[in-house]
Structure formats: structure tokens, C-alpha cells
Amino acid sequence: MGRVHNEKPGVITVEGDGGEVRWSSEFPPVNLLPEADWIDTSLSVAFPDFSKFVNYSHNRWYNPPSWPGTGPWRPSTSQDTCVSLTMIEPENRVLGPTTIGTIPAGANYIDVRVRLNRTKSPYTFRDQGVPPLIPNEWVSLPGGSCLVEATEIWRRSFDIVLSGNEVQLVRRQSVIDPGPVSAQQPGSPQDNGRLPLSGAGGDPWGQSSYQGWGWISGSTFAGSYRKGHPAALIQHKPPSANGGLGGDTPQYGGKHPRRFNACSINNSAHDFSSTYTGQIVIRPGYIRT
Amino acid sequence: MIAVLRGFPAEGIVACFDEAPGGGDWRDINAPRNAPAKNPAAHVSRVHWHSEFFQYELAMPIQTVTVEHPALAGRSIYWGYNLVYDGNNPVSTTGYLVPGRVATASHTLVNHGLDYVPLAFVAYGGRMLMPGVAVQTASAGRSRFVSPYITPGAVGLREVYNSSSSGLGAVSRAYQVMVFRVPVEDASLPLFSGGGGETIIGRGKVRTSRTYARREGGGASPFNIDQARTVDLNNGRARIATGGSVTTEAGYGGAFTAPPFVPVGV
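Broken down by element type, chain B carries 1 helix and 25 strands. The globule rule puts the C-alpha radius of gyration for 266 residues at 18 Å, and the 27 Å found for chain B is more than 25% above it. Dimensions of chain B, computed from the C-alpha atoms along their principal axes, are close to 105 × 40 × 30 Å. Residue pairs in contact within chain B that sit at least 24 positions apart in sequence constitute 57% of those at least 6 positions apart.

So this is what it looks like as C-alpha cells:
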């Protein structure tokens, strides 16, 4: 059988059958305080939407017809198309702290366990759902930290931390910086603001072929490069179906953002905020160091 | 400091502690010297163990479990068109190539059979796992994140993984699992006894036949208890610091350092 002894002066030792130290006053156990000192409460962890803007791609190419035929009904190779996207801007955001409760002075450790259900999901990212990294089960948070979302471009986490004897919630969300325009692939939506538009104010009326992406300010293309990541499709209108004169014959610039058959630039449905709600149990403790 | 182990049968308390100043009769729980036994929460720095406290009692030997994580095919779709044809001549246009797909899976690591939700630590690569640690990364943002979870029957592992235009390969990963029960007092057991084949303290809260999480003799162990936050985010990427070691995702731009920790053994 095991025993408890103080064969080493001043040291209490609890031993197993084979002399294994179960714990001692030199190597004390991890102690959690009595249940009356625990915090057992509801928790809501909310992450706000990211900063966003709209990118717009307008393409038109008009080549004098080379196919047989004459007159206004001869085949034309002119085509006109548009795509509009929601873009997410880079950021590093820390939210809080928010006080959850207090624990007895002197405690230097908290055993944190949460069970959270995501009650507000982000809009799909690039047509894929954003699954929470934690299931709706109890999870232990060593050090109090928990990553909850990760995509190709963002991370979200929260921390349950001690500040004195106050237990606080801090939330973090971060979106990667895509770097300077020189780092972007030419012709990609990240390479926006570099449209080779030559018409007045970038209006394509009467211009010949051109293409490109640009970010939208108000209802038209804005100027210089703006950092962002394609996140969700707003609308795509395919070529040669713009309802122009002559059936499928496109009207010049019809899908330019200033024209009558433009793609939508309303991205109000693309809300990437998320909220996790559930229960948190905090057991304060003391570890002798 | 000289540690003492004292029982106070009238109060149903037994404690191992360093005496507080003030002296008094060592048999009297109201004596100043016994203040850590009478009011442990107010004297936590003097208490090594107390029958009102709770400890982590190892519920089963440390388990090593290998998980075969599945592969995920790549994906490329277009928003808009990749190429539009002018007659027979392809004319490039400006769609957006949408890369990748995402998937989830869950794995049972250990069936603990305790019928309640115990504390469980899961380690990978000699480090404690917290929710959302990447155990596999590849170019173009391909990653595999895992999160341990606990149910009344099992310790499980959820994974969220994603590909890019290229696939994410299958991998095998070994995890160590440590499951703890939290012992409670059993009124039928003695406050302090050496009978019955083992020594029992605090009506069963401590038994010499059981093993408890305790401060390790020195050096890091796979089960270091961190004493502050372990995750930082910067530039859309994470740095995870546990047990004094940091794991940094490519692209992280911050300067987070590892929090203090206590190596824990059993």
C-alpha cells in the first residue's frame, strides 16, 4: 500500500506502492479552488464583419466583322460581359477586453472549458462554407486561447485571460495583407485600379476592345490600387446577352457599371460576421511555481 | 518553509500547507498558524493540497493514438469566364479563378467511459494542443486544423482542412491523450486512513493508488500548463506559443512571445 511521510525534513510526500511520488510539498498537485469560486455562465463571442469593397470587371471586345455578310445584320464578334465581386480588406483587429467575472485574489491559473455553438455564420467564402474549428462539444482551452475560424485569408480567435483577479474576454480577427500591386498577378481582381480605359471618365462608349478590373466608388470605377481579397461573387453576366439593339448584338459598353445592363454592385448580403454562443466554466486554481 | 499535513476531524478538513505567522495551538483550526487550512482560498500560496480543493486525477494511462487524416482534392472554378472565343480565337477575359475546397471530419481518440465530461489534454509533437492548431500546412494556403473535444463518453478530434487548386495530401499524425477525472469526497470514506490496502486522504480525494497531475521535477514535458494566452493573430496568420515553444504560420507578422508555463507530470 502507499504511504504519506515526511522522511525528508519539512517535506510531505504522498507515495504509491512502489514509492512513486503521487505528489509532495515539493512537487504539489495542480489545485482547483472550491466550486463556490468557479464561474459557470453563458458566453457570447461575436466577431464583426470585415471591411469590404466591390470589385468590378467589365470586358468588351469589338472587332470589325470578318465573317461573310453585309449590312446591319451581319454577324458581329462584339461581346460584352461583367463580373462583380465582394472584396475583403486586410486588417488586424483586437476587440475588448470584456469582463466575464472575478476569481479570488492569489489564484494564478484558470481551467477554462467552453461549449459553443455558432449561431451566426459568415457568408460563404469563395462559395465554400466556413466551418467552425471547434465542434459544439466541450473543449478545453489551455492558456485560455481558442482559434475558431481559419480560411485562406483570415483567422479569428478569442482568449479568456486573467487580469489581476478579473477574467476577461478578448477577441481577435486578422486578414492577410496581399502586399503591393506589384505582387499581384496582372489581370487578376487583386490587380485592380489598372484599367486600360481610354474613354472620358473611363466610360467605354464608342471605345474599342479593353478589359480589366477596378474597384467601385459610388457607381463607377475608382482609381488607384486598393488592397483586398476576392471573397464572394455578386453577379456575373455572360457575353452577348445584354439585351442591346439587334437581339444578341451587344450595345457598346452595356455592361459597364455606368450602363443600363451593368452587374449589380449591391453586396449587402455578404456579411462575414460570426457569433458563437454557449456556456463557459472557469475553475480558478493555483500552481506553485 | 516547512510543510505540515494536518487533519481537523471536527471540521472535516485535512490539508498540507505552510503555516501562516502568528502561532497558536497546532490542533486548533482557528489558530493563526492554521489559517491556510481554515480559509485556503485566501492563502493559496501557502497551500500544497487541501481537502476542499480539486485535483486532476489520471483516469487511465496516457494513450498514444494515431489518426489517419484523409486527403482532399483540389478545385478550380471560375467566377466569370476564363476564356471567351472570338470566332475560333480565344480571347482572355477577366474572370476570377476560385481556388480550393474545405472539408471537416471527426475522429474518436479515446473512449474514457466516465459518463461525464472530464478534463483531457491532447498533445502533438511534444506540445499541448489547443483548439485550431495546424498539424499540416502546404503552399497556397493549404492547411489542416485540429481541435480536441470532450464528450461524456470520449475524447475526440475535429479537423477542418482545405485544399487550393492543388490537393491536400493524406497524413498520419500521432497524438497523446491524458484524461483526468476530478475526484470528489465520498462521505463513506475516512478523512485520513491507511487501511484497506491504500492510504486515503480527504474522504477519497487523494488515494495513494491513484496518480495526480503535479508539478514536474524540472524541464518541459508534453503537458505544460500555460498561464496566459497562447494564440496571437497578425496578418491573417497565427502564432501559437505553448510550453515555451512557438509555432508560427508563414506570413505571421507579429512579435508574440510564449507565456509562462508550468511543466506538469503524473
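Where strands meet in a sheet, backbone hydrogen bonds hold them as pairs that are either parallel or antiparallel. Residue and element names in this part refer to chain B. Reading across the sheet, the 3 strands line up as 1-2-3 and stay open at both edges, with antiparallel pairing between neighbours. Both edges of this open sheet fall to strand 1 (3-8) and strand 3 (47-50), since each of them pairs with a single strand only. Taking each pair of neighbouring strands and ignoring which way they run, the sheet shows an average axis angle of 15°. In the sheet, strand 2 (residues 13-18) pairs with strand 3 via 3 bridges, with the strands oriented antiparallel. Residue pairing for strand 3: A15 is matched across the bridge by H50.

Residues and elements named next belong to chain A. In terms of burial, strand 11 (residues 145-150) is a largely internal element, 6 of the 6 residues being buried. Strand direction decides the pairing type here: strand 11 and strand 12 (residues 154-163), joined by 5 bridges, are antiparallel. Bridge pairing links S145 to D159 in strand 12. Taking the residues that link successive antiparallel strands as the turn, the strand 11-strand 12 hairpin has 3 residues.

Listed per partner, the contact involves 82 residues of chain B and 84 residues of chain A. The element contributing the most residues to the side of chain B that touches chain A is strand 14 (residues 142-150) of chain B, with 6 residues.

Looking at chain B as a whole, the pLDDT averages 87, with 91% of positions reaching at least 70. Model confidence for the complex is summarised by a pTM of 0.89, with the ipTM given as 0.89.

Take the sheet that holds strand 1 (residues 3-5) of chain A next. All names here are of chain A. One open sheet holds the 3 strands; their spatial order is 1-2-3, and the pairing between them is antiparallel. What marks the edges here is a single partner per strand, and that holds for strand 1 and strand 3 (21-24). For this sheet, the mean inter-axis angle between neighbouring strands, taken without regard to orientation, is 15°. With 3 bridges connecting them, strand 1 and strand 2 (residues 13-15) associate as antiparallel partners. When the sheet's bridge partners are listed, H5 is paired in strand 2 with T13.

Residues and elements named next belong to chain A. Position of F158 relative to the elements: it lies in strand 12. Taking the C-alpha atoms as reference points, F158 and L169, separated by 11 residues in sequence, lie 7.0 Å from one another. When sequence neighbours within four positions are dropped, the list of residues in contact with F158 reads V45, C146, V148, L169, V170 and R171.

On to the nonpolar core. One finds A:I110, B:A120, B:V122, B:M130, B:V155, B:V177 and B:V179 to be the most contacted residues of the largest nonpolar core, which totals 94 residues. Each of domain 1 (1-27) and domain 2 (28-49 + 90-177 + 272-287) of chain A contributes no fewer than three residues to this core. A:V54, A:V175, A:C263 and A:F272 belong to the second largest nonpolar core, which has 26 residues in total.

On to the pairing of strand 15 (residues 154-162) of chain B. All names here are of chain B. Within strand 15, 8 of the 9 residues are buried, which leaves the element mostly enclosed by the surrounding structure. Bridge analysis of strand 14 against strand 15 gives 8 bridges, and the strand direction is antiparallel. Looking at the pairing, F145 lines up with V160 of strand 15. Counting the residues between successive antiparallel strands, the hairpin from strand 14 to strand 15 contains 3 residues.

Analysis parameters
- Residues numbered from 1 in each chain as written.
- Chains lettered and ligands numbered in written order.
- Predicted model: local features only at pLDDT ≥ 70, side-chain atom pairs only at ≥ 80, totals over all residues.
- Helix = DSSP H or I, 4+ residues; strand = E, 2+ residues; numbered from the N terminus.
- Rg over C-alpha atoms; globule rule 2.2 N^0.38 Å.
- Contact = placed C-beta atoms within 7 Å.
- Pairing = 2+ DSSP bridges.
- Axes fitted to C-alpha atoms, helices over the stretch in contact; angles between N-to-C directions.
- Buried ≥ 20, exposed ≤ 12 C-beta atoms within 10 Å, placed from the backbone.
- pLDDT = per-residue confidence, 0-100.
- Core = buried A, V, L, I, M, F, W, Y, C linked by C-beta atoms within 7 Å.
- Domains from an automatic or database assignment.

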